[in-house]
Amino acid sequence: MHKTSNDQDRRRWAGIARVGKQRQGKGQETPEAQVDASGGVPRRAAPSEQARYWFDNTLAGGAAALIGWLAVVCLVIVVPASAVLVWTDDGAPDDRWAKAAAVWRSVGQTLRLGGEAGSPLRVALSVLLALVALFYVSTLVSLITAAITEKLLDLRRGHSTVLENGHTVVLGWSDQIFTVVAEIVEANSNQGRRAVVVLADRDKTDMEEELRTELGGREGGTRIICRNGRPTDPAALERVSPATADVVLVLPRDEPDEDAEIVKNLLSLRAATDGDCRARILAVVRDGRYRLAAVLAAGPGAVVLEIDDITARLVAQCARQPGLSLVFQELLDFAGDEFYVVDAPAQAGRTFAEVLTAYVSSTVVGVLRADGALRLAPPPDSLVCAGDRLVVIAEDDDTTVEAPEPAAVDASVIVPRPPAAVRSERMLLLGWNRRAHRIVRHLSDHVTPGSVLHVVADGGEPTAAEVRAAETEASTGLTVVLRPGDPTLPGTVNGLDLATYDGVIVLGPDRVACGGAPDDRTLVTLLLLRDLERRSGNPVTVVTEMTDDRNRAIAPVGPGADFIVSGKLVGLLMAQISQNRHLAELFEELLAPGGSTIQLKPAAHYVRAGCRASFATVVESASRRGECAIGYRSRDRATTGPEFGVRVNPRKDEVLRWSENYDVVVITPHARR
C-alpha cells in the first residue's frame with residue numbers, strides 16, 4: 001500500500017509537471033514548481049532563485065518600489081563608507097555619539113539630506129527640507145528634460161516652421177521627387193545659398209536619408225529641408241512658408257483617379273496663404289478631365305501640366321524619328337544645354353536671320369515679344385523690336401554673349417530645299433494602356449494619308465473597344481488594325497515581320513492592371529524583340545515607354561535607343577519650368593499637334609554632302625527655309641555614350657565634314673514641314 005501510494009503521488013506530480021510545461025512553455029517554470037527531469041519529483045527552488053524571484057516581483061510594484069530599492073542600495077554603500085572615513089580620521093572626536101553624528105553629516109551631505117545633528121526634531125526637519133529641495137530640483141529637471149525631449153522629437157518629426165524666403169517648395173512624395181530635387185540643385189549651382197523644402201506625409205528622417213543617398217553629396221550650396229505633414233492640410237502647409245516661396249511644385253500621384261487630391265492640394269495652398277500666394281505654382285495631373293479644376297484651384301498665373309498627354313506626344317514624335325528622345329533629354333537636363341529667355345537690347349531693329357548668327361556659343365530659336373507672346377522659329381525677315389527678349393539654347397543663363405563678329409558662312413555649299421518626300425508609313429504598337437489612344441491620335445496628326453498602325457495587345461473585348469474608339473478619334477489618314485495577342489509571349493512576337501515596319505512602339509500595361517510593376521512586362525517584350533532582330537538580321541527602330549528610369553539601364557536594347565520615361569520626364573519638365581515660367585508655353589508649342597516641332601533631317605538637305613563647313617553655314621541654310629538649326633547627330637557615334645552622337649548647341653565656328661551619316665536637328669514651324 002505504501003509503495004502504491006508513492007507511485008500514485010509520483011504519477012500525480014508528473015502529470016502536474018506536464019500540464020505546467022504545456023501552459024508555460026520551455027524555460028518558463030516557476031521556482032516553486034520546478035521538476036527534476038530524472039525522476040519527475042518536484043524540487044524546491046534554490047534560495048538564490050527565490051530571492052531573485054522576490055526581487056523581480058518587488059520591481060514590478062512601480063516607481064515607489066524603484067525609489068525604495070535605490071535608497072536601500074545608496075544607504076548600504078554610503079553609510080559604511082562614511083563610517084570608515086570618520087573612524088579613520090585622526091581629527092575625529094573620541095566620543096562614540098559624536099562620531100555617529102559625524103557619520104550622519106557625511107551621509108546627509110553625500111545624499112543631500114541635510115546632515116544636521118542635534119535633537120530628533122532638528123534632524124527630521126533637515127531631512128524634510130532636503131527631501132522637498134530634492135523633489136523640487138528633480139521635478140524641475142524632469143520638466144526641462146521632457147520639454148527638450150519633446151522639442152527634439154518635434155524637430156525629428158518635422159513639425160517646426162520653415163523661415164525661408166525665395167525658396168522652392170515641393171509638395172508630395174513620388175518617383176519624380178529625386179529628379180526634381182536633383183535638377184533644382186543643379187540649376188542653383190551658380191546662385192549661392194538656396195533652399196528646397198519638401199512637405200510629404202512621411203517620416204522626416206527617412207525623406208532626408210533617401211534624398212541624401214540619391215544626390216550623393218551633390219547638394220552644393222542648396223539646403224534640403226524636409227517637413228512631415230499632409231499637403232492637403234492648410235496647417236501643415238504653413239510649416240513650409242509657401243507665402244514667401246519663389247515657386248511651389250505639386251507632384252503628381254501614381255494613378256489618374258488620384259488627381260482629385262492634386263486639386264485639393266491646390267485649394268489647401270490657397271487657404272494657407274489666404275489667397276495671396278505670390279509664388280509661381282506648378283502642378284501636374286495625369287487625367288485631362290482634372291486639368292481645368294486644377295487650373296481654377298491654383299489661381300491665375302499657375303501652370304498645370306497634363307503628363308499623360310505630354311508623354312503620348314513625345315512617344316508619337318520619337319517613334320518616327322530615331323534619336324529624338326536624346327535631343328529632348330539634352331534640352332530638359334540642366335547638366336547640358338537648355339532653353340533660356342535672355343534680354344538682348346542690342347538686337348533691337350535687326351532681322352531674326354541676322355540675330356541667328358550673332359551669338360557663337362548660344363543658339364537663338366525664338367523671340368518672346370514685349371506683350372508676352374512667344375514665337376518659335378519666326379520668319380527670318382521678322383524684326384526684333386525694343387522690349388523683346390530672345391529664346392536661346394545655352395550652357396547657362398549668363399553665357400549668351402554677342403560675338404564681336406558673326407561666324408563665317410560659306411554660301412557656296414548651301415543646297416536648295418529638296419522636294420518633300422511624301423510616303424505612307426507602317427507602324428507597330430506592342431501593348432496597350434490608358435495613354436495608347438492618345439498616342440494613336442497624335443500619330444495620326446503627323447503621318448501621311450494611307451499610313452497603317454498595327455496594334456498587338458491582349459485584354460479581350462475591352463481592349464478591342466478602346467482600339468476602335470482610338471481609330472475613330474484619329475484622323476482619316478491613319479488606319480488602325482488590332483491583332484489580338486500577348487506581346488510578352490514568344491509565339492506572338494516571333495510571328496511579326498519586323499522588316500515591314502518603319503517603327504515599333506512598346507508600351508507597358510497600367511500600374512493597377514499589372515500589380516504595380518508595368519516595366520517588367522515591357523522588359524520581356526524588348527527581350528523578345530531583340531532576339532527576333534538578331535535571328536532575322538533586320539534592325540528595327542524601337543521607342544519604349546517606361547515608368548522607372550532605373551529600368552532603362554537593364555533594358556535589352558542597343559545603346560542610344562529611344563526611351564520615354566514618364567516619371568523622369570515630368571520631373572525634368574517641372575524643374576525647367578520652375579526656373580522660368582515662359583518655358584511652359586515653349587514646351588507646349590513644341591509638343592502640340594499644331595505647333596512647332598523638333599526634327600532630325602539629313603545634313604545633305606542643307607549643305608553639299610561630304611563638304612567641310614561651319615555649323616554657322618548650316619544655321620544659315622536652315623534659316624532660309626524658316627527653320628532653326630540647333631544641333632546635329634552623328635549616326636557613326638549613335639552607339640557611343642554618353643551623348644550617343646547627339647550634339648545640341650554646337651559653336652557656330654565648329655567645322656565638320658557633313659557626310660551622309662549626319663543629321664541636323666532643327667525646329668520647324670508646323671506650316672513649313
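Here, the structure is the one placed above.
Residues numbered from 1 in each chain as written. Predicted model: local features only at pLDDT ≥ 70, side-chain atom pairs only at ≥ 80, totals over all residues. Heavy atoms only, no water.

1. Here's the deal with the overall build of the protein
Per the secondary structure count, the protein includes 20 helices and 22 strands. Within the protein, the fraction of its 673 residues that count as buried is 47%. Nonlocal contacts in the protein, meaning residues at least 24 apart in sequence, comprise 74% of its contacts between residues at least 6 apart. On the protein, roughly 33,000 Å² of surface is accessible, and the fraction owed to carbon and sulfur atoms is 55%. (Helix = DSSP H or I, 4+ residues; strand = E, 2+ residues; numbered from the N terminus. Buried < 20%, exposed > 50% of the residue type's maximum accessible area, 1.4 Å probe, protein only. Contact = heavy atoms within 4.5 Å. Areas by Shrake-Rupley, 256 points an atom, 1.4 Å probe, with all protein chains shown as cover.)

2. Some points on the sheet that holds strand S19 (residues 628-634)
Taken in spatial order, the four strands of this open sheet run S17-S22-S19-S20, and their pairing is antiparallel. At either margin of the open sheet sits one strand with a lone partner, and together these are strand S17 (597-602) and strand S20 (646-648). When strand polarity is set aside, the average angle formed by the axes of neighbouring strands in this sheet is 25°. Here helix H20 (residues 615-623) sits on the sheet in contact with S19 and strand S22 (662-668), set at roughly 125° to S19. (Pairing = 2+ DSSP bridges. Axes fitted to C-alpha atoms, helices over the stretch in contact; angles between N-to-C directions.)

3. Brief notes about the pattern of salt bridges
Scanning all chains against the criterion turns up 36 salt bridges. Put simply, Asp486 and Arg521 hold a salt bridge, and the shortest N to O gap is 2.9 Å. A residue pair is termed long-range when its members are at least 10 positions apart, and Asp486 in the loop between strand S13 (478-484) and helix H16 (490-494) and Arg521 in helix H17 (residues 518-536) qualify at 35 residues. Taken together, the shared-partner salt bridges connect Glu306, Asp309, Arg313, Arg438, Arg441, Glu473 and Glu588 into one network. (Salt bridge = Lys/Arg side-chain N within 4 Å of Asp/Glu carboxyl O.)

4. A short note on the packing of helix H6 (residues 177-187) against helix H18 (residues 566-579)
Across the interface, H6 lies against H18 with an axial gap of 8 Å and an inter-helix angle of 35°. Judged by the sense of rotation from one axis to the other, the crossing of H6 with H18 is right-handed. Contact residues: H6 offers Thr179, Val180, Glu183, Ile184 and Ala187, while H18 offers Lys568, Gly571, Leu572, Met574, Ala575, Ser578 and Gln579. (Left-handed = near helix turned anticlockwise from the far one by under 90°.)

5. What about unusual backbone geometry?
Of note, Ser241 is a non-glycine position whose phi angle comes to about 50°, a positive value. Here Ser241 shows up in the loop between helix H8 (234-238) and strand S4 (247-250). Under the relative-accessibility criterion, Ser241 is labelled buried at 13%. Non-glycine residue Asn649 carries a positive phi angle of around 60°. Assignment of secondary structure puts Asn649 in the loop between S20 and strand S21 (655-657). The class of Asn649 is buried, set by a relative accessible area of 4%.

6. Concerning the pairing of strand S15 (residues 542-546)
The side chains of a regular strand alternate, first on one face of the sheet and then on the other. Most of S15 is tucked away: five of the five residues are buried. Because side chains alternate across S15, one face comprises the buried residues Val542, Thr544 and Met546, and the other comprises Val543 and Glu545, equally buried. Across three bridges, strand S14 (residues 503-506) lies against S15 in parallel orientation. Pairing of Val506 across the sheet is with Thr544, part of S15. Read as a crossover between parallel neighbours, the route from S14 over H17 to S15 is right-handed. Sheet analysis places S15 next to strand S16 (residues 562-565), joined by four bridges and oriented parallel. Bridging across to S16, Val543 finds its partner in Asp562. (Right-handed = clockwise from strand over helix to strand, strands pointing away.)

7. Observations regarding the nonpolar core
In this structure, Phe339, Leu390 and Trp658 are the most contacted members of the largest nonpolar core, which totals 119 residues. Tallying contributions element by element places helix H11 (residues 307-320) first for this core, with eight residues. When neighbours within four sequence positions are excluded, Trp658 is seen to be in contact with Ala603, Val607, Arg608, Ala609, Gly610, Cys611, Ala613, Ser614, Phe615, Val618 and Tyr632. Formed by 26 residues, the second largest nonpolar core is a distinct cluster that contains Leu199, Val240, Ala272 and Ala297. (Core = buried A, V, L, I, M, F, W, Y, C linked by side-chain atoms within 4.5 Å.)

8. A look at the packing of aromatic side chains
Within the structure shown, the criterion is met by six aromatic pairs. A ring pair is formed by Phe339 and Phe587, whose centres lie 5.8 Å apart and whose planes are at 85°; its orientation type is edge-to-face. Of the two residues, Phe339 is situated in strand S7 (residues 338-343) and Phe587 in helix H19 (residues 582-591); the sequence distance between them amounts to 248 residues. Owing to a relative accessible area of 1%, Phe339 belongs among the buried residues under this scheme. Here a set of aromatic residues connected by ring pairs shows up, and it is made of Phe615, Tyr632, Trp658 and Tyr662. (Phe/Tyr/Trp six-rings, centres within 6.5 Å; stacked < 30°, edge-to-face > 60°.)

9. Digging into the pairing of strand S8 (residues 363-368)
Most of S8 is tucked away: six of the six residues are buried. Direction of pairing for S8 relative to strand S10 (residues 389-394): antiparallel, over a ladder of five bridges. By the bridge assignment, Leu368 is partnered in S10 with Arg389. Across three bridges, the pairing between S8 and strand S9 (residues 374-376) is antiparallel. Opposite Gly366, over in S9, you have Leu376 as the bridge partner. Taken together, S8 and the strand that follows it, S9, pair antiparallel across an intervening segment of five residues, in which Gly372 is found at a positive phi of about 95°.

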